[in-house]
Amino acid sequence: MEDADRPVLGIVGGRGQMGRWLRRFWRGQGFQVVWSDQQAVLTNHQVVERADLIFVSVPLAATPEVLLELAPRLPSHAGLVSIASLMEPSAAVLASCAGESLCAHPVFGPTVTGARGQPIVLAPVRGEAWLAWLGRALASAGMAVRQSTPAEHEASMAII
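Reading the values: the criteria
Counting starts from 1 at the beginning of each chain's written sequence and moves along it residue by residue. This being a predicted model, a pLDDT of at least 70 is required before a residue's local features are given, and a value of 80 or more before pairs of side-chain atoms are given or counted; all residues contribute to the totals for chains, interfaces and linings. Working from all heavy atoms in the structure, the side-chain values ignore hydrogens and water. The helix count covers DSSP runs of H or I at least four residues long, the strand count covers runs of E at least two residues long, and both are numbered beginning at the N terminus. The contact criterion used throughout is that any non-hydrogen atoms of two residues lie within 4.5 Å. Whether two strands pair depends on DSSP finding at least two bridges between them. All axes here are fitted lines through C-alpha atoms, helices being fitted over the stretch that makes contact, and every angle between N-to-C directions spans 0 to 180 degrees. Categorising residues by exposure relies on relative accessible area from a 1.4 Å probe, with only protein chains included: less than 20% of the type maximum marks a residue as buried, more than 50% marks it as exposed, and the intermediate range marks it as partly exposed. Think of it like this: strands point away, you trace from the first strand over the helix to the second, and a clockwise trace means the crossover is right-handed. The criterion for an aromatic pair is that two Phe, Tyr or Trp rings (for Trp, the six-membered ring) have centres within 6.5 Å, with stacked assigned to planes under 30 degrees apart, edge-to-face to planes over 60 apart and tilted to the rest. Put simply, a charge is over a ring when the Lys NZ or the Arg CZ is close to the ring centre, within 6 Å, and near the line of the ring normal, within 35 degrees. Under this definition, polar contacts are N or O atom pairs within 3.5 Å; protein pairs additionally need one hydrogen-donor-capable and one acceptor-capable atom, and for neighbouring residues in sequence, both atoms have to be side-chain atoms.

Brief notes about the side chain of Q118
Counting through the fold element by element, Q118 comes out in the loop between β5 (100–106) and β6 (119–126). Contacts of Q118, omitting those with residues within four sequence positions, involve F108, V112, M143 and A144.

A few points about the sheet that holds strand β7 (residues 144–147)
By way of backbone hydrogen bonds, the strands of a sheet pair with one another, either parallel or antiparallel. On the basis of which strands lie adjacent, the open sheet formed by seven strands has the order β2-β1-β3-β4-β5-β6-β7 and mixed pairing. The open sheet is flanked by β2 (33–36) and β7, the only strands paired with a single partner. Along the sheet, successive strands turn relative to each other by an average axial angle of 25°, direction set aside. Note: strand β3 (residues 53–56) against strand β4 (residues 79–82), four bridges, orientation parallel. Opposite L53, over in β4, you have G79 as the bridge partner.

As for the pairing of β4
For a regular strand, the rule is simple: side chains alternate between the two faces of the sheet. Side chains G79 and V81 of β4 all project onto a buried face; the interleaved residues L80 and S82 project onto the opposite face, where all are buried too. With respect to chirality, the unit in which β3 leads through helix α3 (residues 63–70) into the neighbouring parallel β4 is right-handed. With four bridges joining them, β4 and β5 adopt parallel strand pairing. Note that in β5 the partner of G79 across the bridge is E100. With helix α4 (residues 88–94) bridging β4 and its parallel neighbour β5, the resulting β-α-β unit is right-handed.

Describing the packing of aromatic side chains
In this structure the tally under the stated criterion is eight aromatic pairs. An angle of 80° between the planes, with centres 5.5 Å apart, marks the rings of F31 and W133 as edge-to-face. Taken together, the residues F31 in the loop between α1 (17–28) and β2 and W133 in helix α5 (residues 129–140) connect sequence positions 102 residues apart. The buried category is assigned to F31, whose relative accessible area is 10%. Grouping aromatic residues by their ring pairs yields a cluster made of W21, F25, W26, F31, F55, F108, W130 and W133. A cation over an aromatic ring shows up here: R6 above the ring of F31, its NZ or CZ 4.1 Å from the ring centre. For R23, the ring lying beneath its charged end belongs to W35, and the centroid distance is 4.0 Å.

Notes on the environment of H153
Looking at where H153 falls in the secondary structure, it is placed in helix α6 (residues 150–159). Since its relative accessible area comes to 3%, H153 is described here as buried. With near-sequence residues (within four places) excluded, H153 lies in contact with S85, M87, H105, V121 and S148. A polar contact of 2.8 Å, which involves the side chain of H153, links it to the side chain of H105.

Below, the structure written as structure tokens:
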């Protein structure tokens, strides 16, 4: 982790509904945000080069493929986060990162205007520093942060 207090945050899929939500949320928290999407100024690879913690916010079916593209390029100091609602397909790819990786499922939709009280599930895959940082940052914003494993999360979602 390069600058634990003010890392640069990246959003891959920044034009999508959750991508736009993440951009607004993190900028509202005072962070510099870089992002990519189809026909955006930055490419996915440029986001990985410029950001310390990268959130992948693409359609569920495309998530493993995008993670496979980014994981080998991730610097060892950086973190990669899949926000897909299904965690196990992402976790299998995230385990191969040079840096840290985790899954984060915002259990709310992109039409939510505020973060306070909104539930989010974090599941570590590789490393713990970015997991701890993200948990603190989200809790400071008033979100209801829960920790799980990808397998436990999938079992919970199957019931829901």
